[in-house]
Amino acid sequence: MTQIDVSLGERSYPIHIGLDTVPVLQDVLSRLGARGAVAIVTDSNVAPLYGAAVDQLLGEAGLWPRLCVLQAGEENKRLDRIEWLCGEFLRAGLDRSSIVVALGGGVVGDVAGFAAAVYMRGIRFVQVPTTIVAQVDSSVGGKTGVNHPLAKNIIGSFHQPIAVVIDLTLLRSLPDRELRAGLAEVIKHGVIADATLFAYMEANAERLLAKDLTALEYPIRRSCEIKASIVAEDEREQGLRAILNYGHTFGHGFEAAGKYARFLHGEAVALGMHAAAALAQELGLVDEAFVQRQRDCIEAYGLPVAWPEMPVDVVLEAMQHDKKAVGGALKFILADGMAHVIQRKDITEAQTRAALEAVRGGRG
Ligand code: GLY
């Protein structure tokens, strides 16, 4: 088992990564002085797979676990679920010293984390991510929250977990499409920060798509290291942390234009990275070879690099909505070489449109 530390002063915490690491939860909770009631928040996909095992594990540790099962799906990432969870916490007898365990993918982590952030003005929580997206991105860094009908992730809080327990064996149950979408975020980490990681992703698509857990260990660990160091430097996204949003400005447009049903988040990020590379090429930041190299890597994971069925105007409009939601100019994270990105807020609508036109039908 490997341990990575997220260094945030008194809010520092460890990420434990390995095979069959779920049992370290007992140790983690006992070292943190957990007593009495503990809530396990999960969803209707994960509960039948791992709910009983985690419940038993915590029971054996002398705790009184209560399994709180959300309906699976992004549409359940909403405010009334927080109210329901707080009711569950009250009924279970959670107090200020209690701990919530988030067992699931990104939605579970965000909702459980936000419920923990607001219940009794904030209690501790542990992330046990069960998807690649959650293991390499959303479980680390303390972004928690829910969606509003008008905008995603607009109601939330920075609330760091007290530990992250990543058990690679949990990925065995992950559907293929989710696996691919999660690996898009790893490719992203390579492009923004680590050429060796990117080269690894280029060279190992077959093993990673076959869920070879030995092959998955390095990119997941490395992604956590990259994310941990960025979060340690800029916890509240005042600057550097925004580079984690590479591919996301276009990506959010694709997600919204597809009514959050057409693309998984990671698929939209893959398309968004491709569009961002086209834009970077138009601006003279990278050459054709860079665009092609990134595209080949994305395609090797069966991720989308074209979206011929969706009009450019619809995506542009969805991106503008994002802009209204944050009340400022669109911010683009653009590569100016492998493993190096810059932030630009001066991109015109014409340039954005040209990049979308360039990649829409598969060119570029
Ligand atoms: N997923 C991007 C971040 O945590 O900042």
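Bear in mind the structure is a predicted one, so any value in this text is a computation, not a measurement.

Thresholds, definitions, all that
Residues take numbers from 1 onward in each chain, read along the sequence in its written order. Only residues with pLDDT of at least 70 get local features here, since the model is predicted, and only at 80 or more are side-chain atom pairs given and counted; chain-wide, interface and lining totals rely on the full set of residues. In computing side-chain properties, one takes all heavy atoms of the structure into account and sets aside hydrogens as well as water. Put simply, DSSP marks the helices as runs of H or I at least four residues long and the strands as runs of E at least two long, and each gets a number from the N terminus on. When we talk radius of gyration, it's over C-alpha atoms, and the globule rule is simply 2.2 Å times the number of residues to the 0.38. The cut-offs for exposure are 20% and 50% of the maximum accessible area for each residue type, with area from a 1.4 Å probe on protein chains only; residues under the lower value are buried, those over the upper are exposed, and the others partly exposed. Here the open area of atoms and residues is found with the Shrake-Rupley method and a 1.4 Å probe, where only the protein chains shown may cover a residue. The charged-residue count follows a simple rule in which Lys and Arg add positive charge and Asp and Glu add negative charge, with His and chain termini not counted at all. For the purpose of locating charges, the reference atoms are NZ of Lys, CZ of Arg, CG of Asp and CD of Glu. Note on ring pairs: Phe, Tyr and Trp rings are taken, using the six-membered ring of Trp, and paired if centres are within 6.5 Å. Classes follow the plane angle, with under 30 degrees stacked, over 60 edge-to-face and the rest tilted. Note on definitions: salt bridges are taken to be side-chain nitrogens of Lys or Arg within 4 Å of carboxyl oxygens of Asp or Glu. Any pair of N or O atoms that falls within 3.5 Å is considered a polar contact. Within protein, one atom must be able to donate a hydrogen and the other to accept it, and sequence-neighbouring residues count only if both atoms are side-chain atoms. We call two residues in contact whenever any of their non-hydrogen atoms come within 4.5 Å of each other. The axes are straight lines fitted to the C-alpha atoms, using for helices just the contacting stretch, and the angles between their N-to-C directions are given from 0 to 180°. Small angles under 35 degrees read as roughly parallel and large ones over 145 as roughly antiparallel, with 65 to 115 read as roughly perpendicular and the rest as oblique. Note: crossing handedness is left-handed where the near helix turns anticlockwise from the far helix by less than a right angle, and right-handed where it turns clockwise. Lys, Arg, Asp and Glu make up the charged group, whereas Ala, Val, Leu, Ile, Met, Phe, Trp, Tyr, Cys and Pro make up the nonpolar group; the residues left over, Gly among them, are polar. Note on definitions. A residue lies near a molecule or strand when any single heavy atom of the residue is within 4 Å of it. Any two strands with at least two DSSP bridges between them are considered paired. Within this scheme, the nonpolar core is defined by two criteria: the residues are buried Ala, Val, Leu, Ile, Met, Phe, Trp, Tyr or Cys, and they are joined through side-chain atoms within 4.5 Å.

Q: How should the overall build of the protein chain be read in this particular structure?
A: Secondary structure summary: the protein chain contains 14 helices and 11 strands in total. The C-alpha radius of gyration of the protein chain comes to 20 Å, within 12% of the 21 Å expected for a compact globule of 364 residues. Once the C-alpha set of the protein chain is aligned to its principal axes, its extents read approximately 60 × 40 × 35 Å. Counting over 364 residues, the protein chain shows a buried share of 55%. Put simply, the protein chain shows about 14,600 Å² of open surface, and 50% of that area lies on carbon and sulfur atoms. Of the charged side chains in the protein chain, 36 are positive and 44 negative; the average position of the first set lies 4 Å away from that of the second.

Q: Where do I start with the packing of aromatic side chains in this structure?
A: Two numbers describe a pair of aromatic rings. These are the distance of the centres and the angle of the planes. For the coordinates displayed, the defined rule picks out 5 aromatic pairs. Ring centres of Phe250 and Phe332 lie 5.1 Å apart, and the angle between their planes is 55°; this geometry places the pair in the tilted category. Placement of Phe250 in helix α10 (residues 248–257) and of Phe332 in strand β10 (residues 332–337) is noted, with a sequence separation of 82 residues between them. Across the pair, exposure class does not vary: Phe250 and Phe332 are buried alike. Here Phe254 and Phe263 contribute two aromatic rings whose centre-to-centre distance is 6.4 Å and whose plane-to-plane angle is 80°, an arrangement assigned as edge-to-face. One aromatic cluster is present, built from ring pairs that chain together Phe254, Phe263 and Trp307.

Q: When you look at the side chain of Lys211 in this model, what are you seeing that I'm missing?
A: With respect to the element layout, Lys211 can be found in the loop between α8 (205–209) and α9 (213–233). Although Lys211 is buried, it makes no salt bridge; Asp176 carries the closest opposite charge, 4.7 Å away. A distance of 3.0 Å separates a polar atom in the side chain of Lys211 from the backbone oxygen of Arg172. When sequence neighbours within four positions are dropped, the list of residues in contact with Lys211 reads Leu171, Arg172, Ser173, Leu174, Asp176, Leu179 and Leu216.

Q: In this structure, what is going on with the packing of helix α1 (residues 24–31) against helix α2 (residues 47–60)? I would like to understand it.
A: Between two packed helices, the angle of one axis relative to the other and the distance separating the axes together describe the packing. α2 packs onto α1 with a crossing angle of 45° between their chain directions and a minimal axis gap of 9 Å. As judged from the angle between their axes, α1 and α2 are oblique. Considering how the two elements wind past one another, α1 and α2 form a crossing that is right-handed. Seen from α1, the contacting residues are Leu25, Gln26 and Leu29; seen from α2, they are Val54, Leu57, Leu58 and Glu60. Among the residues making up the contact of α1 with α2, the classes are represented as 5 nonpolar, 1 polar and 1 charged.

Q: Help me out: how do you make sense of the site of the ligand in this one?
A: Taken together, Asp137, Lys143, Lys227, Glu237, Arg241, Leu244 and Asn245 make up the full set of residues adjacent to the ligand. Take Lys143: an N or O atom from its side chain is 2.9 Å from an oxygen atom of the ligand. Within the side chain of Arg241, a nitrogen or oxygen atom sits 2.7 Å from an oxygen atom of the ligand. Here the residues of the shell around the ligand sort into 1 nonpolar, 1 polar and 5 charged.

Q: Explanation requested: the pairing of strand β11 (residues 340–344) in the structure shown.
A: Examined bridge by bridge, β10 and β11 share 5 bridges and lie antiparallel to one another. Among the inter-strand pairings, Ile333 is bridged to a residue of β11, identified as Gln343. What sits between the antiparallel neighbours β10 and β11 is a turn of 2 residues, in which Ala339 has the positive phi angle 70°.

Q: Teacher, can you tell me more about the nonpolar core here?
A: General note: in soluble globular proteins, nonpolar side chains tend to be found buried as a group. Counting residues in hydrophobic clusters, the biggest one holds 82 residues, and the most contacted among them are Ile132, Met201, Tyr246, Phe250 and Trp307. Take this core: its biggest share by element is 11 residues, from helix α11 (residues 265–282). For Met201, the residues in contact, after removing those within four places along its chain, are Leu183, Val186, Ile187, Leu208, Pro219, Cys297 and Tyr301. In this structure, Ala37, Val108, Ala117 and Phe125 belong to the second largest nonpolar core, which totals 24 residues.

Q: Could you clarify how one ought to interpret the environment of Leu283 in this entry?
A: Within the element layout of this structure, Leu283 appears in the loop between α11 and α12 (288–300). Sequence separation between Leu283 and His252 is 31 residues; the distance between their C-alpha atoms is 21 Å. In this view, Leu283 contacts Leu334, Arg344, Ile347 and Gln351; residues no more than four positions away in its chain are not counted.

Q: Would you take a moment to explain the sheet that holds strand β3 (residues 37–43) for this structure?
A: Sheet strands associate in pairs through backbone hydrogen bonding, adopting either a parallel or an antiparallel arrangement. Read from one edge to the other, the open sheet built from 7 strands follows the order β1-β2-β9-β6-β5-β3-β4, with strand pairing classed as mixed. The open sheet has two edge strands, β1 (2–6) and β4 (64–70), and neither has a second partner. Taken pair by pair, the neighbouring strands of this sheet meet at an average axis angle of 20°, ignoring direction. The sheet contact formed by strand β2 (residues 13–18) and strand β9 (residues 163–167) spans 4 bridges and is parallel. Following the sheet pairing, Ile15 is matched in β9 by Val164. Most of the contacts of helix α4 (residues 106–118) go to strand β5 (residues 99–104), to which it runs at about 170°, and overall it touches β3, β4, β5 and β6 (124–129). Of the strands in this sheet, β1, β2 and β9 touch α9, which is tilted by about 20° from β1.

Q: What's the story with the side chain of His189 in this structure? I'm lost.
A: Note on placement: His189 falls in helix α6 (residues 176–193). A residue is classified by how much of its surface remains accessible, and His189, at 0% relative accessible area, is buried. One polar contact links His189 to Ser223, side chain to side chain, over a distance of 3.1 Å. The residues contacting His189, other than those within four sequence positions of it, are Val136, Asp194, Leu197, Ser223, Ile226 and Leu244.

Read these as spatial facts, not as claims about activity.
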